[in-house]
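What follows is each chain in one-letter form.
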Amino acid sequence: MSHPENATVFLKDKERAKWHDDTLWIVRQKRDVTIHQIPEWEKLRELASQIKDHTLSKLDFYLEELEKNATANGIKVHWAENAEEHNQIIGKILDEKNCKAIVKSKSILTEECHLNPFLEEKGIEVVDTDLGERIIQFLKQPPSHIVMPAIHLKKSDISDIFHEKLHTEKGNVDPVYLTYAARLHLREKFLQAKVAITGVNFAIAETGEFVVCTNEGNADMGVHLADTHIACMGIEKLIPRRKDLGVFLRLLARSATGQSITNYNSHFRSPSPGKELHLILVNNGRTKQLAREKFRNSLKCIRCGACMNTCPIYRRSGGFSYGSTVPGPIGSILSPGIDLKKYSTLPFASTLCGSCTDVCPVKINIHEQLYEWRQEITKANGASLKGLSMKLADGIFKSPLAYKISGKMMRASLKTLPDSIIYNPLNAWGKGRNLPDLPPESFKDWYKKNRK
Amino acid sequence: MSSKASILAAIKGLNMKEKPLPEIPDFEVAPDLVEAYTHSLTGNKGTVVSKKELEQLILETGFPKIYSSSPAFESFTNCKLPQHPADFADLDLAIIEGQFASAENAAIWLDESNLDLRAIPFITAHLVIVIKKENIVGNMHEAYERIGDTNSGFGVFIAGPSKTADIEQSLVIGAHGAMSLRVVIL
C-alpha cells in the first residue's frame, strides 16, 4: 500500500489523529525548551555533524579499530553482511547455550532484520522489555515511532491488552497501575533470562566499548542478570573517540524527548568475570547508501526521532503509514535506498518545509534528500498523472488563444458541473481540498474595464 | 570472502576523501555548580538530600534490606553481597558512591570500582548515590575529561530514577529499575 492510502486509513479516526498530532507536537515543544537552555546548541550540532562526516569518510579504518580494541577487551565481535546473517549469528549463539528464552531491549536494527519472527520460528521466546515495545509485541504490531513505539495507542487500548495478557483489572486505564503491572511481569522475565539482547547507541573505536541509553533501565536489567549479552549495531553507529560522547549525549535525549539526558547511559567495555559479551556489526545495505554521494550523510542519523515529532505529515499520518522499519522523514530517505519500488511514495510524504532538517541534531539535509529521491523515483517510474496534467497545462500556457478559450470554458463549466465530475479520482489536487471560489471575470477583462 | 572482508572492501572501494575530525572546545558552565546540579536532578525526578535527612528517612521507613558500599552509610548495611545478582531482587535500598557528576543534566558517573555488582543500581527498589561537592563538573565534556582513559569493564551515567512515558506520554517513575533516586552531596 502507498503512503497516501495508508494515511487515509489513519485519518479515518479523526479524534485519534488529532490526538496523535497534538501529542507529538508537545514533544517537539519540549525539545525546544531544553535546547534553548544550551547557548552552544548550534555549535554542538555542527560538531556532531563533522564528527559523523569524518567517521563515515574513514569507516573501514574505524570499524577495524573497533574490532581490534573490543576483541582486546574480551568482546566477541561478529560481522554480518545482511539481516539473514545477523539472525543466523544470534541463532547460533542461542543454540550453543541451549537457550529457549531471551530478553531484548529496544533495537531498531533487530526490527529491520526481523529478528523476532526468526527466533520465534526456532521456538525461542522473545520478550521485548521496553514498556512501549512490550505493549506492541502483545498486539503483534511493529513500532510506529523509533523512540516512542506505542505512540499510536491510547491508554484504553493498553488497558485492554494488559487485561487479556497480564490479567489487570478490566477498564483500569491508570498509567501508573498499568506500568507497575508490566514491571512485575517483566521482572520475572529478567530474573529468568540467560541471554539478553540490546541495540547500540554509540560504539567507540578508540576504546572498543559501546553505549546503550535507556530511561527505563530495561537494557541494564537484562544484561546484568543474564550470563550472555548480545549487542547488535549497524556499522554507522561508530564514533572515533570517547570524548565525542560528550557531544552526542548532550544532543540525543534533548532532541528525542526534551530531557537533558537519558537516565541510564551504560558503557560496556568488557564482560563481567565468567560472562560473555558479543557485538554484531551489521551492514544490511549501509555500504550501498554510503556509495550514494547525495544520500551518504543519511547514515549520520543517531535515531532520536526529532524529525518525526516535528513533521506535519508524520504527525497527521502516523508511523504505520510509511510501511518501513524507520518511518517519518529520516525513514523516507533511508528506505528508498533499500527498495526503491516498495518505498517509492515515501519521499512524496513531505511538504518539503524543511523542519526535519532544522531539528536534526547531526544536521542531515533531510528535506533536500527527499527532493533528490523524488527526482530518482520519477526517473525510474516514468510519467505520473500529475505529470500528464502538467504537460497539458504547458500546451495551454504556450498559446494565448488556447489560454483565453480554456479560461472562459473553465469559469463557465465549473459553475455548472456537478461535484462528482470536478472532484473525480483523476483530479489529485481535489482530494481533501476545495477549489477556490471562481472570480466573476478574468483578470484580463477586469484590466480592460478599469485601466486604459 | 568473509562478511568482514566484503564490508571493508565495499567501503575501501569508494575511495572517500577524509573529512576533518573537529576538536571539541570548552563551553561556559553554570556559575554555581551545586545549585545547577540540584535544579537538573529535580528536573529528572530525583532529589538532593542531606546526610542527616537520609539517615532520618532510613530510620523512619525501616527498609527491610539495605546494602551500602558507601563508607559514610556503611552501618546501615544489613545483608551480604550475593554471588548472583538475582539474589538482590528484593533489595530495598542501595547506597553507593558516585565518582563525579555533571551539573547540566545531573548525570553521575559510576564504574566497576563503585559497583560491587553491575546490577545493583538497577535492581534495587530505591537508590542513593553519594557524591562529593568538589566532584561536580559543569557539563558532559568536562565529565568525559574526568573519565579520561580509565579502563573499567562497565561504566554508567545515572541521571534519575527509572522512568517511562510509553502509556499516552504520561510520566511514570519506576518502570523496571530504581523507583527513586536520592543524591547526597557531601
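If you're wondering where the values come from, they're calculated on a predicted model, not measured in any experiment. (Residues numbered from 1 in each chain as written. Chains lettered and ligands numbered in written order. Predicted model: local features only at pLDDT ≥ 70, side-chain atom pairs only at ≥ 80, totals over all residues.)

## A closer look at the overall build of chain B
Tallying secondary structure elements over chain B gives five helices and 11 strands in all. Relative to the globule expectation of 16 Å for 186 residues, the C-alpha radius of gyration of chain B, 20 Å, shows a markedly less compact shape. C-alpha extents for chain B along the principal axes are approximately 65 × 45 × 40 Å. Taking all 186 residues of chain B together, the buried fraction comes to 45%. (Helix = DSSP H or I, 4+ residues; strand = E, 2+ residues; numbered from the N terminus. Rg over C-alpha atoms; globule rule 2.2 N^0.38 Å. Buried ≥ 20, exposed ≤ 12 C-beta atoms within 10 Å, placed from the backbone.)

## Overview of unusual backbone geometry
In this structure, A:Asn284 takes a positive phi of about 45° despite not being glycine. In this fold, A:Asn284 is placed in the loop between β10 (276–282) and α13 (286–291). Even without a glycine there, the phi angle at B:Ala106 is positive, about 70°. Considering the arrangement of structural elements, one finds B:Ala106 in the loop between β4 (100–102) and β5 (108–111).

## Describing the domain arrangement of chain A
Each assigned domain of chain A is listed with its residue range as follows: domain 1 (38–284) and domain 2 (399–450). Placing the centre of domain 1 of chain A and that of domain 2 of chain A at their C-alpha centroids yields a distance of 56 Å. (Domains from an automatic or database assignment.)

## Some points on the interface of chain A and chain B
At the junction of the two partners, chain A supplies 66 residues and chain B supplies 59 residues. Residue contributions to the side of chain A that touches chain B peak at eight residues, all from helix α10 (residues 175–192) of chain A. Looking at the side of chain A that touches chain B residue by residue, the class counts come to 29 nonpolar, 21 polar and 16 charged. Bridge count between strand β9 (residues 264–268) of chain A and strand β8 (residues 154–158) of chain B: five bridges; the pairing is antiparallel. Its bridge partner lying in β8(B), A:His267 is registered against B:Gly155. (Contact = placed C-beta atoms within 7 Å. Nonpolar A, V, L, I, M, F, W, Y, C, P; charged D, E, K, R; others polar. Pairing = 2+ DSSP bridges.)

## Re the environment of B:Glu74
Its place among the elements puts B:Glu74 in the loop between β2 (66–68) and β3 (93–97). When the C-alpha positions of B:Glu74 and B:Ile96 are compared, they lie 9.8 Å apart, and in sequence the two are 22 residues distant.

## Concerning the nonpolar core
Core analysis: the biggest nonpolar cluster contains 160 residues, and A:Phe210, A:Met233, A:Phe248 and B:Ile129 have the highest contact counts within it. If you tally residues by element for this core, the top one is helix α12 (residues 244–256) of chain A, at eight residues. The residues touching A:Phe210, leaving out its near neighbours within four places in the chain, are A:Val200, A:Phe202, A:Ala203, A:Ile204, A:Ala231, A:Met233, A:Phe268 and A:Leu279. (Core = buried A, V, L, I, M, F, W, Y, C linked by C-beta atoms within 7 Å.)

## Observations regarding the packing of α12(A) against helix α5 (residues 140–147) of chain B
The N-to-C vectors of α12(A) and α5(B) enclose an angle of 145°; their axes lie 8 Å apart at closest approach. Classified by chirality, the crossing of α5(B) by α12(A) is right-handed. Along the contact surface, α12(A) presents A:Leu245, A:Gly246, A:Leu249 and A:Arg250, while α5(B) presents B:Met140, B:His141, B:Ala143 and B:Tyr144. Tallied by class, the residues present in the contact of α12(A) with α5(B) amount to five nonpolar, two polar and one charged. (Axes fitted to C-alpha atoms, helices over the stretch in contact; angles between N-to-C directions. Left-handed = near helix turned anticlockwise from the far one by under 90°.)

## Regarding the sheet that holds β5(B)
Taken in spatial order, the eight strands of this open sheet run β8(A)-β5(A)-β6(A)-β9(A)-β8(B)-β5(B)-β4(B)-β7(B), and their pairing is mixed. The two strands at the open ends of the sheet, each matched to only one other strand, are β8 (238–239) of chain A together with β7 (136–137) of chain B. As paired elements, strand β5 (residues 202–204) of chain A and strand β6 (residues 209–214) of chain A share three bridges and run antiparallel to each other. Looking at the pairing, A:Ile204 lines up with A:Glu209 of β6(A).

## As for the packing of helix α3 (residues 41–57) of chain A against α12(A)
Each packed pair of helices is defined by two parameters, the angle between the axes and the distance between the axes. Residues and elements named next belong to chain A. In the contact formed by α3 and α12, the axes pass within 10 Å of each other and the chain directions differ by 125°. Considering the angle they form, α3 stands oblique to α12. For the pair α3 and α12, the sense of crossing is left-handed. Contact residues: Leu44, Arg45, Leu47, Ala48 and Ile51 in α3; Asp244, Val247, Phe248, Arg250 and Leu251 in α12. Residues of the contact of α3 with α12, tallied by class, amount to seven nonpolar, no polar and three charged. (Parallel < 35°, antiparallel > 145°, perpendicular 65-115°, else oblique.)

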